Amino acid sequence: METHKQLTIGLFGFGVVGEGLYKVLQQTPSLNAKLKMVCIRNPEKKRNAPASLFTTDKDVLLNDPEINVIVEVIDDADAAFQIVSTALKNDKDVVSASKKMIAEHLLELLELQQQTGRSLLYEAAACASIPVIRNLEEYYDNDLLHSIKAIVNGSTNYILTKMFEEGLDFKQALIQAQQLGFAESNPKLDIEGYDAVNKWTFLLTHAYGITVSPSNILFNGIQDIKAGDATVAREKNQQIKLVAQAKKLQNGKVAAFVLPQFIKQEDPLAFVKNEYNGVVIESGFADKQFFYGKGAGSFPTASAVLSDISALRYQYKYEYKKLYHHVPHELSTDVFLRVYVSFDDLRFIPRERFEWLEEWHAQEERKYLVGVISFSELKDQTWWKENNTSLILTAEPVIEDVEIRKLKKKSLELAGIL
Ligand SMILES: NC(=O)c1ccc[n+]([C@@H]2O[C@H](COP(=O)([O-])OP(=O)(O)OC[C@H]3O[C@@H](n4cnc5c(N)ncnc54)[C@H](OP(=O)(O)O)[C@@H]3O)[C@@H](O)[C@H]2O)c1
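Residues numbered from 1 in each chain as written. Predicted model: local features only at pLDDT ≥ 70, side-chain atom pairs only at ≥ 80, totals over all residues. Heavy atoms only, no water.

Visitor: Honestly, the overall build of the protein chain in this entry has me stumped. Any pointers?
Guide: Tallying secondary structure elements over the protein chain gives 16 helices and 16 strands in all. In summary, the protein chain has a C-alpha radius of gyration of 23 Å against a globular reference of 22 Å for 418 residues, a match within 12%. With the C-alpha coordinates of the protein chain rotated into their principal frame, the extents come out at 80 × 45 × 35 Å. The buried share of the protein chain, reckoned over its 418 residues, is 56%. Pairs at least 24 residues apart make up 72% of the contacts formed inside the protein chain by residues separated by at least 6 positions. (Helix = DSSP H or I, 4+ residues; strand = E, 2+ residues; numbered from the N terminus. Rg over C-alpha atoms; globule rule 2.2 N^0.38 Å. Buried < 20%, exposed > 50% of the residue type's maximum accessible area, 1.4 Å probe, protein only. Contact = heavy atoms within 4.5 Å.)

Visitor: In this structure, what is going on with the pairing of strand 11 (residues 276–283)? I would like to understand it.
Guide: Successive residues of a regular strand alternate their side chains across the two faces of the sheet. Within strand 11, six of the eight residues are buried, which leaves it mostly tucked inside the rest of the structure. The pairing of strand 7 (residues 145–151) with strand 11 spans six bridges and is antiparallel. Bridge assignment links L145 to a residue of strand 11, and that residue is S283. Across eight bridges, the pairing between strand 11 and strand 12 (residues 287–294) is antiparallel. Paired with S283 across the two strands is D287, which belongs to strand 12. Connecting strand 11 to the antiparallel partner strand 12 that follows it, the hairpin turn spans three residues, and F285 within it adopts a positive phi of roughly 70°. (Pairing = 2+ DSSP bridges.)

Visitor: What should I look at first to understand the sheet that holds strand 3 (residues 54–55) in this one?
Guide: The pairing of strands in a sheet happens through backbone hydrogen bonds and is either parallel or antiparallel. Reading across the sheet, the six strands line up as 3-2-1-4-5-6 and stay open at both edges, with parallel pairing between neighbours. Each edge of the sheet is formed by a strand with only one pairing partner; in this case those strands are strand 3 and strand 6 (120–121). Pairing between strand 2 (residues 33–39) and strand 3: two bridges, direction parallel. Bridged to V38 within strand 3 is F54.

Visitor: I tried to follow the site of the ligand on my own but got confused; where do I start?
Guide: Lining the immediate environment of the ligand, one finds 22 residues, of which V17, N42, K45, R47 and G297 sit closest. Between the ligand and G15 there is a distance of 3.2 Å, counted from an oxygen atom to a backbone nitrogen or oxygen. Burial of the ligand by the protein chains amounts to 82% of its free accessible area of 900 Å². (Near = heavy atom within 4 Å. Polar contact = N/O pair within 3.5 Å; in protein donor to acceptor, adjacent residues only side chain to side chain. Areas by Shrake-Rupley, 256 points an atom, 1.4 Å probe, with all protein chains shown as cover.)

Visitor: Just to check I follow, could you spell out the packing of aromatic side chains for this structure?
Guide: Between two aromatic rings, the relevant description is the distance of the centres plus the angle of the planes. In total, this model carries 18 aromatic pairs according to the counting rule given. Aromatic pair F262 and Y340: ring centres 5.0 Å apart, planes at 75°, arrangement edge-to-face. Pair noted here: F262 is in strand 10 (residues 254–264) and Y340 is in strand 13 (residues 336–343), with a separation of 78 residues, a long-range link. Given a relative accessible area of 2%, Y340 falls into the buried group. A connected cluster of aromatic rings, assembled from ring pairs, spans Y122, F202, Y316, Y318, Y320 and Y324. Taking the ring centre of Y316 as reference, the NZ or CZ of R134 above it sits at 5.4 Å. Over the face of the ring belonging to F219 we find K385, whose NZ or CZ atom lies 5.8 Å from the ring centre. (Phe/Tyr/Trp six-rings, centres within 6.5 Å; stacked < 30°, edge-to-face > 60°. Lys NZ or Arg CZ within 6 Å of the ring centre and 35° of its normal.)

Visitor: Can you walk me through the packing of helix 3 (residues 77–89) against helix 5 (residues 106–116) in this structure?
Guide: Angle between the axes and distance between the axes are the two parameters that describe a pair of packed helices. Running from N to C, helix 3 and helix 5 cross one another at 15°; their axes reach a closest spacing of 9 Å. Classified by the angle their axes make, helix 3 and helix 5 are roughly parallel. At the point where helix 3 passes helix 5, the crossing takes the left-handed sense. Along its contact with helix 3, which presents F81, V84, S85, L88 and K89, the element helix 5 presents E108, L109, L112 and T116. For the contact of helix 3 with helix 5, the residue count by class is five nonpolar, two polar and two charged. (Axes fitted to C-alpha atoms, helices over the stretch in contact; angles between N-to-C directions. Parallel < 35°, antiparallel > 145°, perpendicular 65-115°, else oblique. Left-handed = near helix turned anticlockwise from the far one by under 90°. Nonpolar A, V, L, I, M, F, W, Y, C, P; charged D, E, K, R; others polar.)

Visitor: In this structure, what is going on with the side chain of S155? I would like to understand it.
Guide: Structurally, S155 is set in helix 8 (residues 154–165). According to the relative accessible area criterion, S155 is buried, its value standing at 7%. If near-sequence neighbours (up to four positions away) are discounted, S155 is found in contact with F182, A183 and D190.

Visitor: When you look at the pattern of salt bridges in this model, what are you seeing that I'm missing?
Guide: Side chains that differ in sign of charge can pair as their charged atoms come close. Under the definition given, this model contains 25 salt bridges. A salt bridge links R366 to D344, with the nearest nitrogen and oxygen atoms 2.9 Å apart. With R366 in the loop between strand 14 (354–361) and strand 15 (367–374) and D344 in the loop between strand 13 and strand 14, this residue pair connects regions lying 22 residues apart in the sequence. Given a relative accessible area of 37%, D344 falls into the partly exposed group. One salt-bridge network, in which partners are shared between bridges, spans K5, D91, D93 and R118. (Salt bridge = Lys/Arg side-chain N within 4 Å of Asp/Glu carboxyl O.)

Printed below as a string of structure tokens:
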């Protein structure tokens, strides 16, 4: 077997991540990787690198037989898919950071890797500097992965931190995040949860062998969260975070979702502030493990790209073990969620669709309830995202034994206790 392969890199993109990688590569000569050419979009932009390195012609890189690694860090998901698929077909290994492209084309990319035998690595696409994909792929290679729960989007976490710690309302916090470069000028992808659910699709593949398109996962962002919700959380000594979660159920299937959630102070995710990301993995015997690190930024992201490049020296590939070598898990909607819902007008809240209500606060101007509702109701209906309604999962949201609890409640009622 060939070891420590000589790597000759063709780089697509010289923005935040691309330029970061260029600098990081210069500081790691031991990697023995040569950057041969960089393809960018705008030839007029001034670059902090020799002009001879740049081209706008993608084929110069894709058809160069000496280039054996394509690194794709551009900000256009459609063009990225063209580049990545052509590179694989042209017998090159690929490193990418484009979560949107990977989430949208996962099945095609799986097939292309199988057909070509080439490697496609994308550690930077999930939580930037946190090595979560390779850990899920290599370490948690068994049936014991009970749950995975994560903050995977730095922009939304920054905004929520400011709402909590400085009492800013959502709009003020968003403007501050944009001014500091933690949120895009068009923040929809981050704020409305698309970025987080994109990452969650392929993390589910590495964790549980599940292949699902982002639109089939129950998700929402933080756009509806009110300062009043933050006040309620503080009263309960909790915080609110945008949390991506997957939990193995008693029926052997997996419930997965990306929703705002109340987080208790003792939860490791409460420690994850500002633009940081965090992942809590719960597995049999090992109990909980917590990964923490920067989820964005030039050098943190480039460090994950560099680690993937380095892994290519010894022909590392994702084996997608949970998908190909185990019986892949299935997603289930057969579960119930305990939710907090705040609203202005009761008429828009279908109380009869809740299994039961645990709290009801109707006196305040901004009203709220806590109740248990079926997962399918949220998946199939949209009332909870409309009319200024805000839905946030409670700290322990997944309920599987709803019928047993109902029976217990009924017998207590019959006995005159409730
Ligand atoms: N920034 C982060 O912290 C971070 C973290 C994790 C993952 N990512 C992902 O990494 C990727 C790059 O992000 P970024 O923040 O570095 O973006 P960016 O700063 O906006 O830079 C994008 C780069 O892509 C180039 N580009 C766009 N379309 C191209 C095309 N068709 N052909 C060649 N070059 C093209 C642009 O060229 P010009 O310079 O000529 O405009 C620019 O250099 C994205 O997929 C992003 O989601 C970013």
